[in-house]
Amino acid sequence: MYTVIGTPKTRGFRVIWMLEELGQNYEVEPCGPHAEAITEVNPSGKVPALKDGEDIVIDSVAICQYLADKHGAATAPAGTIERAKQDSFTQFALDEVDAILWTNARHSFVLPEEHRVEAVKATCKWEFGRSMGVLAERLGDNDYVMGAEFTVPDLILGHCAGWAMNTPGWDLPDGKLGDYFKRVRSRPAFEKAWEVRERT
């Protein structure tokens, strides 16, 4: 039994989705950023964290990759060229998609108002569009970024797609890339995780 510390309405959703993909039992200890339950295990106050027995893992991507490795699914084996290519997609998802969305969010409502820069948001929207173009080229005709198999970076990109959809004035691409996001976000594990999100 795993425990997810953090609300599913944050990056904690990624961990819940991965646990559903793997068919693992878990419970959710809902809390927001900087709540006592999270600062006890992560000094930065960021959610989520995963409790596995007496151990704690922090950072949503590290958690998802750990779970995939541990249970031998949704990932290529460590030390293979396939894993190196998969990790490249994961880093792309973080650097060129997640980071842009997070910067936009910080200058929209996260940072104290006196530290927000309105002009940054237009740049973020432009960067996001450019990143979608790169992703479309890298994806090609594949069902998932690594080909026929769903892996960790698909989960990260699928979560980011929902984040973008909820950002005012932002749209996801149509065509093959739009179909990709629909495919990723229509997986049964995603739908189960979404049910957890809605009732937590």
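Residues numbered from 1 in each chain as written. Predicted model: local features only at pLDDT ≥ 70, side-chain atom pairs only at ≥ 80, totals over all residues. Heavy atoms only, no water.

**Q** Even after reading the chapter, I still don't get the packing of helix α1 (residues 12–22) against helix α8 (residues 188–199), so can you show me in this structure?
**A** Two measures define how a pair of helices packs: the angle their axes make with one another and the distance between the axes. Following both chains from N to C, one finds α1 and α8 inclined at 135 degrees, their axes separated by 8 Å at the closest point. One way to sum up the angle between α1 and α8 is to call them oblique. At the point where α1 passes α8, the crossing takes the right-handed sense. Contacts from F13, I16, W17, E20 and E21 in α1 reach A189, F190, K192, A193, W194, V196 and R197 in α8. (Axes fitted to C-alpha atoms, helices over the stretch in contact; angles between N-to-C directions. Helix = DSSP H or I, 4+ residues; strand = E, 2+ residues; numbered from the N terminus. Parallel < 35°, antiparallel > 145°, perpendicular 65-115°, else oblique. Left-handed = near helix turned anticlockwise from the far one by under 90°. Contact = heavy atoms within 4.5 Å.)

**Q** Would you mind going over the environment of R116 with me for this structure?
**A** With respect to the element layout, R116 can be found in the loop between α4 (81–110) and α5 (118–139). For R116, a relative accessible area of 29% gives the class partly exposed. In this structure, the C-alpha to C-alpha distance between R116 and T103, residues 13 residues apart in sequence, is 10 Å. With sequence-adjacent residues up to four places away left out, R116 is seen in contact with R106, H107, S108, F109 and L111. (Buried < 20%, exposed > 50% of the residue type's maximum accessible area, 1.4 Å probe, protein only.)

**Q** In this structure, what is going on with the sheet that holds strand β2 (residues 26–29)? I would like to understand it.
**A** By way of backbone hydrogen bonds, the strands of a sheet pair with one another, either parallel or antiparallel. Read from one edge to the other, the open sheet built from four strands follows the order β2-β1-β3-β4, with strand pairing classed as mixed. The open sheet is flanked by β2 and β4 (55–58), the only strands paired with a single partner. The mean angle between the axes of side-by-side strands here comes to 25 degrees, regardless of whether they run parallel or antiparallel. Here strand β1 (residues 2–5) pairs with β2 via four bridges, running parallel. Its bridge partner being in β2, Y2 is matched across the sheet by Y26. (Pairing = 2+ DSSP bridges.)

**Q** Sorry, what's going on with the pairing of strand β3 (residues 49–52) here?
**A** Of the strand pairs in this sheet, β1 and β3 are connected by four bridges, and their pairing is antiparallel. Looking across to β3, one finds that V4 is bridged to L50. In terms of strand pairing, β3 meets β4 through four bridges, oriented antiparallel. In the sheet register, A49 faces β4, and the bridge partner there is I58. Count of turn residues in the β3/β4 antiparallel hairpin: two residues, of which G53 carries a positive phi of about 65 degrees.

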